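# Chain and residue survey
The residues making up each chain are set out below.
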Amino acid sequence: VRDDMLMLEIKRLFASHDNALRTTRMKQSKLYRIKKDNIWGGGQLPYGYTTEDKKLTPDKEESKWVKKMFKWYYDGKPIIWIKQQLDTNNVIARRGGLFSTGSIMRLFKNTHYIGQYKHTDRESGEVIELNCPPIVDEKIWNKIQEKISKNQERHKQTAKTKNFYLIRHLLY
């Protein structure tokens, strides 16, 4: 009986080791294909994209709305106005509901829309730079990043003024 238990334990250890090897090889193979073939590594697709042959391609309907959102913000429309336009037209976000102002801001920061993104392997931490078809012109995307950056700097100020006053913090 003890010999049988010993053999079962040895078989279990070999099976466990074999499963670990198989898992590692599968992950390495997937990482290799992502690097070599520029395929989508999985996870939630960015709004405006779909996959064809495991590669990101613009979705006709969604990419139209992505372009509009970027254009509106570039033209100076506030985020809340953009959200209202999307809500009025029943544009549904990827997770099933209406867009929030936060999800619109995250969309503006996403580099997929200018045709580049990074895939990070969870285990090794390796970062792979990949390309996809752009939806938005890079000049527009860069201007929007500048605008967001300026807004964030302005948001951090304690007193919101149009002008900068040297003694502002000494008054209170």
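Right, let's walk through the structure included here. Every value quoted in this text rests on a predicted model; they were computed, and no experiment measured them. (Residues numbered from 1 in each chain as written. Predicted model: local features only at pLDDT ≥ 70, side-chain atom pairs only at ≥ 80, totals over all residues. Heavy atoms only, no water.)

Turning to the pairing of strand 3 (residues 116-120), a few remarks are in order. Burial along strand 3 is one-sided: the face carrying Tyr117 and His119 is buried and the face carrying Gln116, Lys118 and Thr120 is not. The pairing of strand 3 with strand 4 (residues 127-131) spans five bridges and is classified as antiparallel. Opposite Tyr117, over in strand 4, you have Leu130 as the bridge partner. Counting the residues between successive antiparallel strands, the hairpin from strand 3 to strand 4 contains six residues, one of them, Gly125, with a positive phi of roughly 80°. (Buried < 20%, exposed > 50% of the residue type's maximum accessible area, 1.4 Å probe, protein only. Helix = DSSP H or I, 4+ residues; strand = E, 2+ residues; numbered from the N terminus. Pairing = 2+ DSSP bridges.)

Turning next to the packing of helix 2 (residues 60-74) against helix 3 (residues 79-88). Two elements in contact, helix 2 and helix 3, have axes whose closest approach is 10 Å; the angle formed by their N-to-C orientations is 150°. In terms of axis orientation, helix 2 runs roughly antiparallel to helix 3. Along this stretch, helix 2 crosses helix 3, giving a crossing that reads as right-handed. Every residue of helix 3 that contacts helix 2 at Trp65, Met69, Trp72 and Tyr73 is listed here: Ile79, Trp81, Ile82, Gln85 and Leu86. Its residues assigned to classes, the contact of helix 2 with helix 3 comprises eight nonpolar, one polar and no charged. (Axes fitted to C-alpha atoms, helices over the stretch in contact; angles between N-to-C directions. Parallel < 35°, antiparallel > 145°, perpendicular 65-115°, else oblique. Left-handed = near helix turned anticlockwise from the far one by under 90°. Contact = heavy atoms within 4.5 Å. Nonpolar A, V, L, I, M, F, W, Y, C, P; charged D, E, K, R; others polar.)

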